[in-house]
Amino acid sequence: MTRAFVDRGSVSVGADNVGAMNEEPRFRTGDIAAVRDALARMPDAESEADAIERLRMLEELKAAATAAQARAAVRLQVLRSEAESDRGVPAEKRCRGLGAEIGLARRESPARGARFLALARTLLDDMPHALAALFSGTVSEEKAHALYRETSWLPSDKRRRVDEIMARRLDRTGVRRLSAEARAHAQRLDQEAAVEHLERCEKERRVSVRPAPGGMAHLTALLPLRQAVAAYANLQKSAASLVGAGEAGERSIGQLAADLLVERVTGQETADAVPVEVHLVMTEATLLTDDEAPAWLTGHGPVPAGAARRMLADPDGAVFLRRLYTAPGSGALVGMDSRRREFTGLLRRMIVVRDDTCRTPYCDAPIRHIDHATPHRDGGATGFANASGLCAGCNYAKENPGWTHTADPDQLTVITPTGARYETTTPPLIGGAHSEPRRSHTGRGEPAARAAHPARGEPARGAPEKSGQTDALHREAPVTASEHAGSEESARTPVVRLIRPRPPTVGPAVGHRRGSAQEKWFRAYLNSRCAG
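Residues numbered from 1 in each chain as written. Predicted model: local features only at pLDDT ≥ 70, side-chain atom pairs only at ≥ 80, totals over all residues. Heavy atoms only, no water.

## Concerning the packing of helix α3 (residues 48-86) against helix α5 (residues 110-126)
The geometry of α3 relative to α5 is characterised by a closest axis approach of 8 Å and an angle of 95° between their N-to-C directions. Here α3 is positioned roughly perpendicular relative to α5, judged by the angle of their axes. Contacts from Thr66, Gln69, Ala70, Arg71, Ala73, Val74 and Gln77 in α3 reach Phe116, Leu117, Ala120, Arg121, Leu123 and Leu124 in α5. Taken together, the residues of the contact of α3 with α5 break down into eight nonpolar, three polar and two charged. (Axes fitted to C-alpha atoms, helices over the stretch in contact; angles between N-to-C directions. Helix = DSSP H or I, 4+ residues; strand = E, 2+ residues; numbered from the N terminus. Parallel < 35°, antiparallel > 145°, perpendicular 65-115°, else oblique. Contact = heavy atoms within 4.5 Å. Nonpolar A, V, L, I, M, F, W, Y, C, P; charged D, E, K, R; others polar.)

## Overview of helix α6 (residues 128-136)
Each α-helix turn comprises 3.6 residues. Residues three or four places apart therefore point the same way. Listing the buried residues of α6 in full gives Ala130, Leu131, Ala133, Leu134 and Phe135. Phi turns positive, to about 85°, at Gly137, one or two residues after α6. (Buried < 20%, exposed > 50% of the residue type's maximum accessible area, 1.4 Å probe, protein only.)

## Here's the deal with the pattern of salt bridges
What the rule picks out here adds up to 24 salt bridges. The partner of Asp355 in a salt bridge is Arg359, with the nearest N and O atoms 3.6 Å apart. Taken together, the shared-partner salt bridges connect Asp371, Arg377, Lys398 and Glu399 into one network. (Salt bridge = Lys/Arg side-chain N within 4 Å of Asp/Glu carboxyl O.)

## Details of the confidence of the model for the protein chain
Here the protein chain shows a mean pLDDT of 75. Residues at 70 or above account for 65%. In the model, residues 1-23 has pLDDT below 50 throughout and makes 37 contacts with residues more than four positions away in sequence or in other chains. Low confidence marks residues 437-494, where pLDDT is under 50. Its contacts with residues over four positions away, or in another chain, come to 126 contacts. (pLDDT = per-residue confidence, 0-100.)

## Details of the nonpolar core
One finds Leu123, Leu134, Leu147 and Leu170 to be the most contacted residues of the largest nonpolar core, which totals 34 residues. Listing elements by their share of this core, those giving two or more residues are α3, α4 (98-105), α5, α6, α7 (141-151), α8 (156-166), α9 (175-189) and α10 (191-202). Looking at this core element by element, the count peaks at six residues for α5. Excluding its chain neighbours within four sequence positions, the residues that come into contact with Leu147 are Met127, Ala130, Asp163, Met166, Leu170 and Ala182. Membership of the second largest hydrophobic core comes to nine residues, among which are Ala100, Trp403, Leu412 and Val414. (Core = buried A, V, L, I, M, F, W, Y, C linked by side-chain atoms within 4.5 Å.)

## A closer look at the pairing of strand β13 (residues 421-425)
Bridge analysis of strand β12 (residues 411-415) against β13 gives five bridges, and the strand direction is antiparallel. Paired with Thr413 across the strands is Glu423, a residue of β13. Hairpin geometry of β12 and β13 is characterised by an intervening segment of five residues between the two adjacent antiparallel strands and by a positive phi of about 90° at Gly419. (Pairing = 2+ DSSP bridges.)

## Remarks on the sheet that holds β12
If you trace the three strands from one edge of the open sheet to the other, you get β11-β12-β13, paired in antiparallel fashion. The strands lining the two open edges of the sheet, one partner per strand, are β11 (404-408) and β13. Put simply, the sheet's adjacent strands are angled 10° from each other on average, direction ignored.

## Comments concerning a nonpolar patch on the surface
A grouping of Val207, Val209, Leu219, Leu261 and Val265 is seen on the molecular surface, where their side chains present a nonpolar patch of about 470 Å² in accessible area. Listing elements by their share of the nonpolar patch, those giving two or more residues are β3 (206-212) and α12 (253-266). Relative to the elements of secondary structure, Val265 occurs in helix α12. (Patch = residues over 30% accessible without salt bridge, like charges linked within 9 Å, V, L, I, M, F, W, Y side chains within 5 Å. Areas by Shrake-Rupley, 256 points an atom, 1.4 Å probe, with all protein chains shown as cover.)

## Thoughts on the state of the cysteines
Using the criterion set out here, one finds zero disulfides in the structure. Free of any disulfide, Cys358 has its nearest cysteine sulfur in Cys363, 3.7 Å distant. Residue classification places Cys358 among the buried positions, given a relative accessible area of 4%. (Disulfide = S-S within 2.5 Å.)

## Concerning unusual backbone geometry
Positive phi outside glycine occurs at Arg107, with the angle close to 55°. By the element assignment, Arg107 lies in the loop between α4 and α5. One non-glycine residue, Asp364, lies in positive phi territory at about 70°.

Written out as structure tokens, the structure reads:
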């Protein structure tokens, strides 16, 4: 039997004394760190059998740790509820933001923290068999979540019944099979509630997108089952028909189905002719030379330099150029201030580009709100330095009592009601293009004078000089942040932000005239580089 002995006291970890860990006062919070450190000092496995046994036991330890986390989360909720009750907080307002706190403690998003709290309550209240299986290591957190999802809509007594029925199946089935069996038992036990649950789920249908490796993305549609199956079957049938007609070229059925989806959703003739607006941020060197620093697709992540140049050379899209300025070395975006209460216009756009995704540690959800780190009611300025791009959930959580956000352009510090402190550093404007850490930048800009530059979103008229000089491009491009005079100007590194807007289909073009001399020269330049 494998044991890991801990230096502190006489605490030992093994399958025969897991229960002893939970007995007071023999195993306390501080001992968890000792166990963690002991795992890091474990010698290598001596044989294949020892290695596989170690993998199994460590997996069981992960499950037991999840069960202990569930117990701690529910205890936190009880303590917080009692404390707020003593302070006179109404019952309906107690424990607000607690899921976000748990998410931060688990180093995951607030949404995941809230889901874990719901799972923890259910395990301790209604699923004793699943909780016992977690403590024994025979079921994983993923399976526990699956069982919870399929029974969350049931009343407590019937959820307990499903837990009892599935007790002997927890360690014998995969996640998908476990979900299907639990769902079948739940629907059998309460058919009326099952129908109501399906109707509620249909109201939650939506489409989302999230990044994937290799410059790809997952486009996900949550649909009623019959609609999803019908849409998938139609795409597969159409793709197979193209293969049968000899029109597939070198594309597989899966690739054809993906192309057909894009063409049908966007109305394009081909999947590659993307006319919708795409925001790319890249350095001058990436744009006009063979520099390898990747471009950055706001809200989604990096794009290889060569792929970004080819994307801009696509004849089906128009091109806008804007100048942004970053601090040398760190890539920190230089901003502007505003006297208004709301973050709008170019200021809002710059904050979205700077933060990329929700600024709360571990969240990474899309930005929905631009909010004051120090609230406006407390004298917080509506400016670049006091702004944070947040998802809706994180913005609402920070408004609860006991939460504090302190921010500047370089970092965000979050303090929760328990006094826990979390810090996150703002990433460079273009990830991978800068190696130095972020440093506080004291310079401030004001919005560019409209008389000196074209209107917002409108490129300058007239053809640029026909050379590779980036100054020529910049003289013809609108500016999102004004230029400081003197030494501050020379201390900035220009970064070009490229926008491909939807081409006008009806009426005259507004703002940008496709086929202008600037665009023709710029596209010819990129095509020559890509061809070379």
